[in-house]
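Breakdown of the fold
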Amino acid sequence: MTEKEIKIEEPRGKLGVLLVGLGAVATTVVAGAELVRNGFAKPIGSLTQMGTIRLGKRTDDRVPKIKEFVPLAEIKDLVFAAWDIFPDNAYEAAMKAGVLQSVDLDKVRRQLEGLQPLKAVFSRDYVKRLDGPNVKQGKNKMDLAEQLMQDIAEFKKANTLDRMVMVWCASTEVYQSPDPVYERLDVFEKAMKENHPAIAPSMIYAYAALQSGVPFANGAPNVTADIPAMSELASKNNMPISGKDFKSGQTFLKTLIAPGLKAKQLGVSGWFSTNILGNRDGEVLDEPGSFKSKEVTKLSALEYIFQPELNPDLYSDVYHKVRINYYPPRGDNKESWDNIDIFGWLGYPMQIKVNFLCRDSILAAPIVLDLALFMDLAQRSGMKGIQEWLSFYYKSPMTAPGLYPEHDVFIQLMKLKNTLRYLRGEDLITHLGLEYYD
Ligand SMILES: NC(=O)c1ccc[n+]([C@@H]2O[C@H](COP(=O)([O-])OP(=O)(O)OC[C@H]3O[C@@H](n4cnc5c(N)ncnc54)[C@H](O)[C@@H]3O)[C@@H](O)[C@H]2O)c1
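Residues numbered from 1 in each chain as written. Predicted model: local features only at pLDDT ≥ 70, side-chain atom pairs only at ≥ 80, totals over all residues.

Considerations on the overall build of the protein chain
Tallying secondary structure elements over the protein chain gives 16 helices and eleven strands in all. Taken over 438 residues, the protein chain has a buried fraction of 46%. In the protein chain, 78% of the contacts between residues at least 6 apart in sequence involve partners at least 24 apart. (Helix = DSSP H or I, 4+ residues; strand = E, 2+ residues; numbered from the N terminus. Buried ≥ 20, exposed ≤ 12 C-beta atoms within 10 Å, placed from the backbone. Contact = placed C-beta atoms within 7 Å.)

Written out as structure tokens, the structure reads:
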């Protein structure tokens with residue numbers, strides 16, 4: 001250990017991964033982890049598994065794999081648990097989600113059938129398009145949180161786990177505007193006991209996680225962990241939190257292209273993004289309240305990248321529109337179109353068209369894996385509260401109050417890697433490079 005190095009607990013034993021929701025994304029993660037650990041497939045798309053990190057000077061030739069540089073849990077040491085409103089086991093749920101083919105799922109069928117979802121905390125007030133029978137009953141929202149804590153404790157005991165992380169992979173809840181009960185932890189807890197309508201099921205899970213010593217990562221656009229009461233709880237219990245909304249397909253491409261246009265000082269007058277999506281997520285997002293949550297996270301990236309207040313000639317009048325249409329024939333295979341109206345030298349207009357035929361859950365699954373491993377690393381490294389270095393994975397990254405989020409995917413990656421270098425006491429890479437020309 002160098003003088004500058006941060007003390008990181010070793011990842012001994014197994015890591016419990018608690019998934020809220022056992023739908024398309026979650027089953028693709030679990031099946032993927034089983035396929036990878038049994039040698040049937042490679043973890044393509046996962047930075048923790050495939051990525052490398054340069055250390056020192058470009059002439060030093062030190063480029064280890066990230067997983068060899070920082071002590072991460074190994075895929076073989078992951079144990080999964082999940083909650084869902086439907087009682088289907090992970091094999092049945094994966095077959096229904098239709099992301100992976102049965103030829104792949106059958107290779108790990110036994111393991112998937114062994115993952116039976118626990119009863120969920122759910123309310124149709126928050127996800128209007130769904131209803132299912134596998135739901136907890138409780139006398140109030142605090143009682144429901146206690147039942148979740150009981151589930152977590154039993155899972156921990158049954159698998160003799162020291163460490164767990166929770167990742168929200170459940171449906172998008174309706175948009176929630178700020179409410180006074182979110183402002184302080186004691187007020188929030190009182191409101192839970194009084195069954196206050198502003199407390200969403202996702203908040204009950206996050207509360208249960210943080211009270212149980214489990215870091216919480218939020219893959220959907222719900223405000224869940226963004227509220228002051230949750231930050232207060234995370235900091236009181238020394239827990240890392242991160243979110244929100246996995247950056248997987250269209251927004252990922254947006255945050256690749258937009259920084260490039262800005263780097264070349266090209267103007268943008270309009271950006272129209274539309275999607276067709278036929279999975280359950282698409283069905284939920286077809287409802288205006290849930291779409292509003294998604295729209296907010298999908299719209300925010302461009303504004304922050306373009307900084308119109310600093311670049312008024314280029315970006316003060318960008319017409320930005322995002323649409324998602326539910327179209328069942330495509331299932332999980334989303335198709336997105338972006339039309340970008342740009343202008344260059346002397347204001348002359350040009351256009352860019354992007355047509356991305358992606359697979360939503362194939363892009364999201366490695367994000368869940370990486371977040372589980374990095375959130376566990378954060379906890380073992382004593383990092384508490386908002387983990388801004390994980391912005392790379394999110395459409396709408398959480399930040400400290402008063403800080404604007406960083407959306408440029410390359411800056412996000414640099415921030416992530418510099419955080420890893422910092423943890424290991426390595427020099428941060430600034431890309432100045434003058435030393436090569438002395
Ligand atoms: N796939 C992607 O690329 C991507 C990207 C960003 C965000 N997301 C978000 O990730 C989430 C999961 O996406 P998906 O495609 O797997 O959706 P999905 O509909 O296939 O799965 C969600 C599951 O959550 C369950 N659920 C709903 N409310 C619940 C609750 N309160 N407790 C427990 N389970 C509950 C549903 O029954 C369903 O099985 C969605 O919110 C989606 O918006 C996905």
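On we go from here.
Structural notes on the domain arrangement of the protein chain
Reports of interface size often rely on the accessible area that becomes lost once the parts have come together. Under the domain assignment, the protein chain is made up of domain 1 (15–246 + 362–423) and domain 2 (250–357). Inter-centroid distance (C-alpha atoms) of domain 1 to domain 2 is 26 Å. Contact with domain 1, which involves 26 residues of that partner, is made by 27 residues of domain 2. (Domains from an automatic or database assignment.)

Here's the deal with the site of the ligand
For the ligand, the set of nearby residues contains 36 residues, the closest of which are Gly 21, Gly 23, Val 25, Ala 220 and Arg 280. In terms of domain composition, the shell around the ligand takes at least three residues from each of domain 1 (15–246 + 362–423) and domain 2 (250–357). (Near = placed C-beta within 6 Å.)

A word on the packing of helix α7 (residues 141–158) against helix α8 (residues 185–193)
Running from N to C, α7 and α8 cross one another at 100°; their axes reach a closest spacing of 5 Å. The orientation of α7 with respect to α8, classified from their angle, is roughly perpendicular. Every residue of α8 that contacts α7 at Lys 141, Met 142 and Ala 145 is listed here: Glu 189, Met 192 and Lys 193. Here the residues of the contact of α7 with α8 sort into three nonpolar, no polar and three charged. (Axes fitted to C-alpha atoms, helices over the stretch in contact; angles between N-to-C directions. Parallel < 35°, antiparallel > 145°, perpendicular 65-115°, else oblique. Nonpolar A, V, L, I, M, F, W, Y, C, P; charged D, E, K, R; others polar.)

Looking at helix α15 (residues 360–380)
Within an α-helix, residues lying three or four positions from one another point in the same direction, as the helix has 3.6 residues per turn. Helix length check: α15 (21 residues) gives 31 Å between terminal C-alpha atoms against 30 Å at 1.5 Å per residue, within 8%. Where burial is concerned, most of α15 is hidden: 20 out of the 21 residues are buried. Where α15 terminates, the next one or two residues include Gly 382, which has phi positive at roughly 75°. (Expected span 1.5 Å × (residues − 1).)

Observations regarding the packing of helix α1 (residues 24–37) against α15
One can describe the packing of α1 onto α15 by two numbers: an axis separation of 8 Å at closest approach and a directional angle of 65°. The angle between the axes of α1 and α15 places the two elements in the roughly perpendicular class. Here α1 runs over α15; the crossing is right-handed. Where α1 approaches α15, its residues Ala 24, Val 25, Thr 28, Val 29, Gly 32 and Ala 33 are matched on the opposing element by Ser 361, Ile 362, Ala 364, Ala 365, Val 368 and Leu 369. For the contact of α1 with α15, a count of residues per class yields nine nonpolar, three polar and no charged. (Left-handed = near helix turned anticlockwise from the far one by under 90°.)

Comments concerning the sheet that holds strand β7 (residues 267–277)
Strand order in this open sheet of four strands is β8-β7-β9-β10, and the pairing throughout is mixed. Taken across any chain shown, the strands that pair with only one partner, and hence form the sheet edges, are β8 (319–326) and β10 (349–357). Averaged over all neighbouring strand pairs, the angle between strand axes comes to 10°, with direction disregarded. Here β7 runs beside strand β9 (residues 335–343); their pairing, made up of nine bridges, is antiparallel. (Pairing = 2+ DSSP bridges.)

Regarding the environment of Thr 419
Tracing the chain through its elements places Thr 419 in helix α16 (residues 409–423). Along the backbone, Thr 419 and Arg 163 are 256 residues apart, and their C-alpha atoms lie at a distance of 22 Å.

Some thoughts on the sheet that holds strand β11 (residues 385–386)
The strand order across the open sheet formed by seven strands is β3-β2-β1-β4-β5-β6-β11, and the pairing between neighbours is parallel. Bordering the open sheet on either side are β3 (118–119) and β11, each of which pairs with just one other strand. Summarising the sheet, strand β4 (residues 163–168) and strand β5 (residues 216–218) pair through three bridges and their orientation is parallel. Bridge pairing in β5 places Met 166 opposite Phe 216. The strands touched by α7 within the sheet are β1 (15–20), β2 (78–84), β3 and β4, with β1 carrying the most contacts at an inclination of about 145°. Against the sheet, helix α9 (residues 201–211) contacts β1, β4 and β5, and its axis sits at roughly 165° relative to β4.

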